[in-house]
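Chain and residue survey
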Amino acid sequence: MSVTKTMKSVPVIVGALMLFGCGVTLAGQGNSISRVLGGISVEQDAKMGDLSTVNGGISIADGASADDVDTVNGGISMGENVSVDSASTVNGSIKAGEKVKVRKSLSTVNGGIEVKAGGEVVKHVTTVNGDIVLEKAVVKGDLETVNGDMELTASVVHGDITFEKSKGWKWGSDNDEKDWPQLVIDSDSEVKGTIHLYRPVKLELNKAKVGEVIHHYNKK
């Protein structure tokens, strides 16, 4: 059976499908898809269940929706007016287009996260080795990273911002300022929670409205 057929053209027998091989394009209604090899593409305005793959990216077109979206080796891209429960990847970035709604969280290990204008994340945005960029977006939970930068432009974070200290090997050194991550918040942004710094960070707050900044390390 060709896996390139859309779900509209194939009778639905079960709610979840395990697929192998090359990429697949989907336009179904409420189906959950699990893959091992290859990417997943969701067509415009489709309504899907859980989407997961191991080696491949996931692309969700404008107006589509899905439940939990997960990959291991690949990026996740979402067009405009997309809604998902959550999105996570290990080795890859997450890019959310304008007016994306995330009912839970966004997370990566090795990759950045970008949320465009009108985007809303109900819970948290977290990375380990990746930047977090918000542009006219709202995060109702926390932002957290270890080795990434953060940049907020005309955005609101209702929770805390945290830069954790690496517990293992990391690039650069906290002893060298050029290796410190950056937190850049423009004057049109607001952080309602606390900024927690467990390692040195270059701060550019630009008269933004922010909560308390706590340094959880010995400043020299």
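Reading the values: rules and limits
Residues numbered from 1 in each chain as written. Predicted model: local features only at pLDDT ≥ 70, side-chain atom pairs only at ≥ 80, totals over all residues. Heavy atoms only, no water. Patch = residues over 30% accessible without salt bridge, like charges linked within 9 Å, V, L, I, M, F, W, Y side chains within 5 Å. Areas by Shrake-Rupley, 256 points an atom, 1.4 Å probe, with all protein chains shown as cover. Salt bridge = Lys/Arg side-chain N within 4 Å of Asp/Glu carboxyl O. Helix = DSSP H or I, 4+ residues; strand = E, 2+ residues; numbered from the N terminus. Buried < 20%, exposed > 50% of the residue type's maximum accessible area, 1.4 Å probe, protein only. Contact = heavy atoms within 4.5 Å. Pairing = 2+ DSSP bridges. Lys, Arg positive; Asp, Glu negative; His and termini not counted. Charge placed at Lys NZ, Arg CZ, Asp CG, Glu CD. pLDDT = per-residue confidence, 0-100.

**Structural notes on a nonpolar patch on the surface**
- Together, Val54, Val72, Val90, Val109 and Val128 line one region of the surface with nonpolar side chains, adding up to about 280 Å² of accessible area.
- Looking at where Val90 falls in the secondary structure, it is placed in strand β9 (residues 83-91).
- We classify Val90 as partly exposed; its relative accessible area is 32%.

**As for the side chain of Ser65**
- You can see Ser65 is positioned in strand β7 (residues 65-73).
- Apart from residues lying up to four places away in sequence, Ser65 is in contact with Ala46, Lys47, Met48 and Ser83.

**Thoughts on the pairing of β9**
- For β9, the tally of buried residues reaches seven of nine residues, placing the bulk of the element in the interior.
- In the sheet, β7 pairs with β9 via seven bridges, with the strands oriented parallel. Counted as the bridge partner of Ser65 is Ser83 from β9.
- Where β9 lies against strand β11 (residues 101-102), two bridges are found, and the strand directions are parallel. In the strand pairing of β11, Val84 is matched with Val102.
- Where β9 lies against strand β12 (residues 106-110), four bridges are found, and the strand directions are parallel. Paired with Ser88 across the strands is Ser107, a residue of β12.

**As for a negative patch on the surface**
- A contiguous patch of negative charge, built from Asp45, Asp62, Glu80 and Glu98, is present on the exposed surface.
- Take Asp62: it is sitting in the loop between β6 (58-60) and β7.
- Assessed through its relative accessible area of 34%, Asp62 is described here as partly exposed.

**Quick notes on the pattern of salt bridges**
- This model, assessed by the stated rule, comprises six salt bridges.
- The salt bridge involving Arg103 is made with Asp85; its shortest N-O contact spans 2.5 Å. You can see Arg103 sitting in the loop between β11 and β12 and its partner Asp85 sitting in strand β9, a full 18 residues away along the chain.
- Note that Lys116 and Glu135 form a salt bridge whose closest N and O atoms lie 3.3 Å from each other. Of the two residues, Lys116 is situated in the loop between β13 (113-115) and β14 (120-121) and Glu135 in strand β16 (residues 132-135); the sequence distance between them amounts to 19 residues.
- In this structure Glu135 comes out as partly exposed when scored by relative accessible area, which is 31%.
- A network of salt bridges, in which partner residues are shared, links Glu114, Lys116 and Glu135.

**Quick look at the confidence of the model for the protein chain**
- Looking at the protein chain as a whole, its pLDDT mean stands at 87, while 82% of the residues score no less than 70.
- Here residues 1-22 scores under 50 on pLDDT; set against residues more than four positions off or in separate chains, the count is 42 contacts.

**A few points about the pairing of β12**
- Here β12 runs beside strand β15 (residues 125-126); their pairing, made up of two bridges, is parallel. The residue bridging Ser107 from the neighbouring strand is Thr126, located in β15.

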